[in-house]
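# A look at the structure
Chain residues, written in single-letter form:
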Amino acid sequence: MDRIKKRWINQRFPEFSLTDEEGNTSSNSSLIGKWSVIFFYPKDNSTGCTIQASTFAKYHDAFVALNCQVIGISSGGQQSHKEFQCDHQLPYSLLSDKKATLHRTMELGKTLGWIPKRVTFVVDEMGFIRYIFNSQFAVKKHVSRVLAFLKTASNNSQIE
């Protein structure tokens, strides 16, 4: 088990307060009452991040059908997120972790010492992390692995 999974699985998602592409503030209270998929990605409009974000957009209806919201987080600012969201028709919020505070709190680390790690978390309706997928380069697998987990959880009546 990698160190991120070892540290965070079955733990409450850490406290945060971040703004989205419209300047609205999101915090832990926005995670309560429905499942959430929170994916950390390195940079708006980079090749891998665009593929990842677009794949989450392509399957957005499947997440909604499972009563699950999708949230992207990177260090990009409000304007960058707004343009990225508009350019790629992303139907979910992008939160700005401008100073990488949440990224550091979660000890996600960096690839090659400078690229912020790409990690996706599934958080249950009570705010606990139930699944983590950690891969810098398997950008499409973030969606397929998370959907597979959510469908299994749904079949086991963990998701209503």
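See the structure shown above.
A brief report on the enclosed structure follows. (Residues numbered from 1 in each chain as written. Predicted model: local features only at pLDDT ≥ 70, side-chain atom pairs only at ≥ 80, totals over all residues. Heavy atoms only, no water.)

### Regarding the overall build of the protein chain
Our working definition: What counts as a helix is a DSSP run of H or I of at least four residues, what counts as a strand is a run of E of at least two, and both are numbered from the N terminus. Radius of gyration here is computed from C-alpha atoms only, and the compact-globule reference equals 2.2 Å multiplied by the residue count raised to the power 0.38. We call a residue buried when its accessible area falls under 20% of the maximum for its residue type, exposed when it is over 50%, and partly exposed in between, using a 1.4 Å probe and counting protein chains only. Contacts were defined at the residue level, with two residues in contact if any of their heavy atoms lie within 4.5 Å.
The secondary structure content of the protein chain amounts to 6 helices and 9 strands. Whereas a compact globule of 160 residues would reach a radius of gyration of roughly 15 Å, the protein chain reaches 14 Å, a difference of no more than 12%. Dimensions along the principal axes, computed over C-alpha positions, put the protein chain at roughly 40 × 30 × 30 Å. Buried residues in the protein chain amount to 48% of all 160 residues. Counting only contacts in the protein chain whose residues sit at least 6 apart along the sequence, the fraction spanning at least 24 positions is 66%.

### Side note on the side chain of S36
For clarity, the cut-off: Pairing of N or O atoms within 3.5 Å defines a polar contact, subject to two protein rules: one partner must be a possible hydrogen donor and the other a possible acceptor, and residues neighboring in sequence count only if both atoms are side-chain atoms.
For S36, the location among the structural elements is in strand β3 (residues 35-40). Take S36: its relative accessible area is 0%, and that puts it in the buried class. Looking at S36, its side chain comes within polar contact range of the side chain of Q69, at 2.9 Å. The residues contacting S36, other than those within four sequence positions of it, are L31, C68, Q69, F121, V122 and V123.

### Structural notes on helix α2 (residues 47-58)
Put simply, the test is: For a helix, the expected span equals 1.5 Å multiplied by the residue count minus one.
In this model, α2 (12 residues) spans 16 Å end to end at C-alpha, consistent with the 16 Å of a helix rising 1.5 Å per residue. Those residues of α2 not exposed but buried are C49, T50, Q52, A53, T55, F56 and A57. The inward-facing, buried residues of α2 abut β3, α3 (60-65), β4 (68-74), α4 (78-87), β8 (119-123) and α6 (141-155).

### Comments concerning the pairing of β3
The element β3 is extensively covered by neighbouring structure, given that 6 of its 6 residues are classed as buried. Of the two faces of β3, the one lined by W35, V37 and F39 and the one lined by S36, I38 and F40 are each fully buried.

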